[in-house]
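Structural overview
Listed below, chain by chain, are the residues.
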Amino acid sequence: MTTPPSSWTRFMTSHLNWPRHFWRESAPPALMLGLLVCFYDDLELLDAAVAQVLLHQMIKCSHLRGFQAGVQKLKADLLEIATENQTLNETLGSLSDAVVGLTHSQLDSLCPEAVHGAISTLNQVSGWAKSQVIILSAKYLAHEKVLSFYNVSQMGVLLAGVGTQAFHAMDRRDLMQLLRSAISLHVSDLSPAQQHGVLSKVMEAGDTASGIVEIQGPFFKEVSLFDLRREPGFNSTVLKEKELRRSQALFLFELLSKTTRRPEELLSAGQLVKGVMCSHIEAMSVDSFLAHFQHFENNFSLLSPYQFPDILQQTASKMAGTLPPKEFLQAVFESVRNSSEESPSSDRSPGCHGVSAPSSNDIIKLAEANACWAPEGLLCLGEDVFLRSVELLGAVRSFSPAQLRTLKEKAVQVWDAPSYWREYHLASLGRIVLALTEGELQQLDLSSIDTVASLSQQTEWTPGQAKSILQGFLEDSGYSVQDLKSFHLVGLGATLCAMNITEISLIKISEFRVVVARIGTLLCSTHVLTEFKRKAEVVFGGPTEWSSSVLQELGTIAAGLSKEELRMLDKDLMPYFQPSAIKCLPDEIFKELSAEQIAFLGPENAAAVTPAQRRQLSMLQLQSLQRALDGAKTRSWLDAPPSASPTRTPSSLSPPGPLGSTVETLSPLHTGKQRVTAQAPLPFTFQCQPHRWIPSPTFCNFSQLFAEITDTGVQVTVCWPWLRSVRA
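Note that the structure is predicted; figures quoted are calculated from it, not measured.

Parameters and conventions
- Residues numbered from 1 in each chain as written.
- Predicted model: local features only at pLDDT ≥ 70, side-chain atom pairs only at ≥ 80, totals over all residues.
- Heavy atoms only, no water.
- Helix = DSSP H or I, 4+ residues; strand = E, 2+ residues; numbered from the N terminus.
- Buried < 20%, exposed > 50% of the residue type's maximum accessible area, 1.4 Å probe, protein only.
- Contact = heavy atoms within 4.5 Å.
- Areas by Shrake-Rupley, 256 points an atom, 1.4 Å probe, with all protein chains shown as cover.
- Axes fitted to C-alpha atoms, helices over the stretch in contact; angles between N-to-C directions.
- Parallel < 35°, antiparallel > 145°, perpendicular 65-115°, else oblique.
- Left-handed = near helix turned anticlockwise from the far one by under 90°.
- Nonpolar A, V, L, I, M, F, W, Y, C, P; charged D, E, K, R; others polar.
- Salt bridge = Lys/Arg side-chain N within 4 Å of Asp/Glu carboxyl O.

Let us look at the overall build of the chain. Each helix and strand counted, the chain has 41 helices and five strands in total. Sorting the 728 residues of the chain into buried and exposed places 52% on the buried side. Residue pairs in contact within the chain that sit at least 24 positions apart in sequence constitute 68% of those at least 6 positions apart. Element-wise, carbon and sulfur atoms account for 53% of the exposed surface of the chain, whose accessible area totals about 32500 Å².

This next bit is on the packing of helix H23 (residues 383-394) against helix H24 (residues 401-415). Contact pair H23 / H24: the axes reach a minimum separation of 11 Å and the direction vectors enclose 130 degrees. The pairing of H23 with H24 is recorded here as oblique in orientation. The two elements H23 and H24 cross, and the hand of that crossing is left-handed. Judged by residue contacts, Glu383, Phe386, Leu387, Val390 and Leu393 of H23 engage Leu407, Lys410, Ala411, Val414 and Trp415 from H24. Its residues placed into classes, the contact of H23 with H24 shows eight nonpolar, no polar and two charged.

Attention now moves to the side chain of Gln194. Secondary-structure assignment places Gln194 in helix H13 (residues 192-203). Residue contacts for Gln194: discarding those within four places in its chain leaves Lys130, Ala160, Gly161, Val162, Thr164, Phe167 and Asp450.

Moving on, we get to the pattern of salt bridges. Tallied over the entire structure, the rule returns 18 salt bridges. A salt bridge links Arg245 to Glu553; the nearest nitrogen and oxygen atoms lie 2.6 Å apart. Linking Arg245 in the loop between helix H15 (225-229) and helix H16 (246-257) with Glu553 in helix H34 (residues 548-554), this pair joins segments that are 308 residues apart in sequence. Both residues of the pair, Arg245 and Glu553, count as buried. With its nearest N and O atoms 3.9 Å apart, the salt bridge here joins Glu368 to Arg397. Here Glu368 is found in the loop between helix H21 (360-366) and helix H22 (375-379), whereas its partner Arg397 is found in the loop between H23 and H24, with 29 residues between them in sequence. Overall, the relative accessible area of 37% leaves Arg397 in the partly exposed class. Taken together, the salt bridges that share partners define one network made up of Lys408, Glu409 and Glu440.

In structure tokens:
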């Protein structure tokens, strides 16, 4: 019996006059389809040659948003046809970007020669999962034997599969050539551990200057503050193509502003704008500020909320990185499930009759809403569906512990016990690895720092799990703590929090000092952070010697300060704590900050203060915290020179108005300075109404503010170029 023609075939035969059998005999019509190829559905007509042609034409289908689930299914079906009666080794180079649909076992079956022969195709394909890159890189390098600049330069997107230790073992000249070449565009795809494997080799010859200058783009953000401080030869020109951490920008802007007659011109030097301090802005004349305002405007996304509520208003808690509401996920889940036309998969586990389990298409469409599947549905995933979807499931942030345990059991069903798992298995599991017990973690082969780095990307490990990973790496690799290199420390990531005080003391300062910024991202316990703080003192001196760039570099390590050390910090340093460090400060330590120090925290750090920390504060400290949240950069009467005090006597002042009333309103000016003197009862706040030149209300904070206590309240004098009103 003849199969009835599909709607797609009917369209082709009626509008293009192409007989159905023409597709079986010839490929050229496929070249004329354009985006219509993305909806082809007469698969029973195709042979392997035509399927390969269609796969090449389907590269353009990546532009179709909203149809990717169907596109990926079509590619998978065409891939199956294209490899009929041929081995993957024979067809690998002719499968276009559909090769990303190959499973781990299919990739593992490839011979090194086939991968080497197809490298010009494989190195350009986008969409590889990290686990696939690991397998293909190992196959390619197995054929090459020696890691040189030439063979690494052929790898393209597969560069991220080269092991950290392999990078560190490369000849330094080859690495330097790599950083100058087009392949350096892919360096940003490397894990932090891999990047530090490269960096440590580049720096080890002692020629820090030439090494640092060659590092471009986002890779430069991994250069330590310690190494920057040893290199005096920087200029603004070499920084234009480099991405900077804020600690780097703070240091470099301060350094370069000492050697240029017009520091404001540094604002055009790439990401140096991240290092502008409020004191720099306040020192600029109005004309200079307006002349350079475009540099702030063009780089708003690089600025922190403290740079200068004067320049940018941001809310401290952003939606980015937060989980969607459960109600939203459930609505998406119901919508996708109700519109699904697929029949239940025959590839089901035993005992799953009547259980609703996801298909590959469902998983692609649902994304984060996959968290709405019942655990029993996830356990009933077909083996093929699991293998094709494991990376997507491992990326879901809303899975409950029960769902993660279920998916781990599924992985055991498909891949056997964890003792048989390899690096690419762990890389593909994502958050699912969090369900591994301490005993299962001990079964893993953790001899490679890249395997450990895959695990340490997850930050929700229990102390027991983290300790199992740390000990597993030390035992399987044969390293002791004092042997650890900088890239080992970076790769260990959150598991460093499981170290005890003795182990931390054994870490070499020469390795620690180049990864301070990375360790400063860890949310460790207070006693661990205190020990890391002691090591930081060896590098940067005691807390009283720390600059804004050092405090920013230290990150959470600064939360290891004692209450005595915290009280000694200059108030002007307070905005340069990282918000994560504020959160990590123990409640009983945080309350030791003075009201003045708290007022100078800045809005982002003030927003990071936890409810438990708030409960420890006095009324005066809470008022200071509110001022910091509001972005008020005040100068108290203690800071004001005597000559700055208002000359008018209390009796001549305008009477204090009720809270929230306008004390005095001024006409807006584009240039020049306006001064308003008014009296207001305690407590008082100020509010600016924005002018058309000013992007937001919090932009118009005060360049000068002087206050004097009187019998009835506070007499305030404010200077600001665009002040329109003062509200008390």
